[in-house]
Amino acid sequence: MAPGSRLRGFFIGAVIAGGLTVLVVAASIALVVNQRQAASGPVSAPASATASATASARPLETSGDVEVVKERRLGERRMELTLRSTALDDVTTVRLLLPKGWSRDSGRTWPALWLLHGGLDGYQGWSKSDVEEMTENAQVIVVMPDGGKCGSYSDWYNGGDGGPPRWATYHLKELLPLLESRYAANGERAVAGYSMGGQGAMLYAATGSFRAAASFSGAVHTLMPGADVAVFLGTTAGCFGTDWKRIWGDPRGDREVWRAHDPYHLAGRLRGVRLYVAAGDGRQRRGELFGDITEELAGKAARAFAGRLKELGIPVETHFYGGRHNMTYWNRELRRALPMLLDSVGAK
């Protein structure tokens, strides 16, 4: 039996013995295990809490500064940018997949598809999928930025003091304008992500910056019972030594900050955005020793989020299936959602 399977088995046994509280703890630690296997400033909302989503993606004013430290071509379509970000107070990397015929001096621009990675992963996370093959003939710039192993696609609260890391500010007010000013991207944008990246996709779509958004096994209800424990353990394991409350504060005393980063509570701002939400059930299948608690919780969050959208009369395409928390399923879901995402930005 693989070490990860033994660890999951231990925690599932603890769940049976210990009840609901241990279930949450087990799920959180399972998140760390599954993501590792799959991977082989006060803020009231991401970037702009008051912006309401509309069908038209709006340009954002730049905030701070970002410097291109290095630009590397890794093949006909792949390019990597090393950037020095004021918002992060650090150097970071973004990978681009460029459309055939791309040139910054061509006199034309292309729409962008942003793909956000999950927790404990990085900007290369989506490169483990078939995205390069899927988009081979699409006239779209695929943007795969780093979001931090436990960044949560948020400007961290830091006890009310703000300051770095400011992931939402970096992505939406530094990287996004840079791509449109220097790399021939235009204002037509779609976004998708898995796990933590699914949360990020919906948070960023809620700012009105994207025409379409897709979440695959996303953390789309962060105030669902037990989610605070998941953030605690995920941050502790993924960013060892980091105080988990730096991200959104205390979930009781700073509850409004948590609400401002919970896609479920921002659902009303997604009106006019084309949406796709998918997740598995995490149940044990024939031939498997254990189920997948992480995906089980992701599935519950996804169903609650989709239900909230429907209550508000906001259309959403859903796909709930039997499956686990790994790239096998996220690759499949990207393939299912891709036609809608490309169509939303006019990419042929």
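Remember, it's a predicted structure, so these values are computed and weren't measured experimentally. (Residues numbered from 1 in each chain as written. Predicted model: local features only at pLDDT ≥ 70, side-chain atom pairs only at ≥ 80, totals over all residues. Heavy atoms only, no water.)

Participant: Tell me about the pairing of strand β9 (residues 317–321), and please be specific about residues and values.
Facilitator: For strand β8 (residues 274–280) and β9, the ladder comprises five bridges, and the chain directions are parallel. Of the residues in β9, the one forming a bridge with Gly 280 is Tyr 321. The parallel pair β8 and β9 is bridged by helix α9 (residues 293–311), and the resulting crossover is right-handed. (Pairing = 2+ DSSP bridges. Helix = DSSP H or I, 4+ residues; strand = E, 2+ residues; numbered from the N terminus. Right-handed = clockwise from strand over helix to strand, strands pointing away.)

Participant: Tell me what's going on with the state of the cysteines, and back it up with residues and numbers.
Facilitator: Per the counting criterion, the structure on display carries one disulfide. Between the sulfur atoms of Cys 150 and its disulfide mate Cys 239 the distance is 2.0 Å. Taking the torsion about the sulfur-sulfur bond, which here is approximately -125°, the covalent link between Cys 150 and Cys 239 counts as left-handed. Residue Cys 150 is found in the loop between β5 (141–145) and α4 (167–182), and its partner Cys 239 is found in the loop between α6 (227–238) and α7 (245–248); the two are separated by 89 residues along the sequence. Accessibility assignment for this pair places Cys 150 and Cys 239 in one class, buried. (Disulfide = S-S within 2.5 Å. Buried < 20%, exposed > 50% of the residue type's maximum accessible area, 1.4 Å probe, protein only.)

Participant: Give me the sheet that holds strand β3 (residues 90–97): which residues, what numbers.
Facilitator: Read across the sheet, nine strands follow the order β1-β2-β3-β5-β4-β6-β7-β8-β9 without closing on themselves; strand pairing throughout is mixed. Strand pairing shows two members of the sheet lacking a second neighbour, β1 (66–73) and β9, which therefore form its edges. Neighbour-to-neighbour, the strand axes of the sheet open up by a mean angle of 20°, direction not taken into account. With four bridges connecting them, β3 and β5 associate as antiparallel partners. Within β5, the position partnered with Val 94 by the bridge is Pro 145. Running at roughly 145° to strand β6 (residues 185–194), helix α5 (residues 196–205) makes contact with β4 (110–116), β6, β7 (212–216) and β8 of the sheet. (Axes fitted to C-alpha atoms, helices over the stretch in contact; angles between N-to-C directions. Contact = heavy atoms within 4.5 Å.)

Participant: Pulling in residues and values, what's your account of the side chain of Thr 93?
Facilitator: Here Thr 93 is to be found in strand β3. For Thr 93, a relative accessible area of 17% gives the class buried. Setting aside residues no more than four positions away along its own chain, Thr 93 makes contact with Glu 80, Leu 81, Thr 82, Tyr 123, Pro 145 and Asp 146.

Participant: Which residues make up the pairing of β1, and what values go with them?
Facilitator: Along a regular strand, successive side chains alternate from one face of the sheet to the other. Taken together, the seven bridges between β1 and strand β2 (residues 78–85) define a ladder with antiparallel strand orientation. For Lys 70, the partnering residue across the bridge sits in β2 and is Thr 82. Between β1 and β2, which pair antiparallel in sequence order, lie four residues; one of them, Gly 75, sits at a positive phi of approximately 160°.

Participant: Account for the packing of aromatic side chains, with residues named and values stated.
Facilitator: One pass over the structure, following the stated rule, counts ten aromatic pairs. Ring geometry for Tyr 194 versus Trp 330: centroids 4.4 Å apart, planes at 10°, classification stacked. Placement of Tyr 194 in strand β6 and of Trp 330 in helix α10 (residues 327–344) is noted, with a sequence separation of 136 residues between them. Each member of the pair, Tyr 194 as well as Trp 330, carries the same accessibility label: buried. Between Tyr 321 and Tyr 329, the ring centres sit 5.7 Å apart and the planes meet at 15°, which makes this aromatic pair stacked. Each member of the pair, Tyr 321 as well as Tyr 329, carries the same accessibility label: buried. Following the ring pairs from residue to residue traces out a cluster consisting of Trp 126, Tyr 194, Phe 216, Tyr 276 and Trp 330. Sitting over the face of the ring of Tyr 321, Arg 332 holds its NZ or CZ atom 4.5 Å from the ring centroid. (Phe/Tyr/Trp six-rings, centres within 6.5 Å; stacked < 30°, edge-to-face > 60°. Lys NZ or Arg CZ within 6 Å of the ring centre and 35° of its normal.)

Participant: Could you give an account of the pattern of salt bridges, naming the residues involved and the relevant values?
Facilitator: Scanning all chains against the criterion turns up 21 salt bridges. Across the pair Lys 300 and Glu 296 runs a salt bridge whose closest N-O atoms are separated by 3.5 Å. Here Lys 300 pairs with Glu 296, and both are found in helix α9, just four residues apart, close to one helical turn. Exposure remark for Lys 300: the relative accessible area of 44% places this residue in the partly exposed category. Of the residues examined, Glu 296 reaches a relative accessible area of 31% and is grouped as partly exposed. The salt bridge involving Arg 332 is made with Glu 333; its shortest N-O contact spans 3.2 Å. Each of Arg 72, Glu 80 and Arg 95 takes part in one network of salt bridges that share partners. (Salt bridge = Lys/Arg side-chain N within 4 Å of Asp/Glu carboxyl O.)

Participant: Talk me through α10; I want residue IDs and the actual numbers.
Facilitator: With 18 residues, α10 should cover 26 Å at 1.5 Å per step; its first-to-last C-alpha distance of 24 Å lies within 8% of that length. The largest bend in α10 is about 45°, located at Ala 337, with the proline Pro 339 one to four residues further on. Turning to α10, its buried residues number three or more, namely Met 327, Tyr 329, Trp 330, Asn 331, Glu 333, Leu 334, Ala 337, Leu 338, Met 340, Leu 341, Leu 342 and Ser 344. If you check the start of α10, you find a side-chain oxygen 3.0 Å away from the backbone N of Thr 328, and it comes from Asn 326. Phi turns positive one or two residues past the end of α10, at Gly 346, with a value near 75°. (Expected span 1.5 Å × (residues − 1). Bend = angle between axes of the 7 residues up to and from the residue. Polar contact = N/O pair within 3.5 Å; in protein donor to acceptor, adjacent residues only side chain to side chain.)

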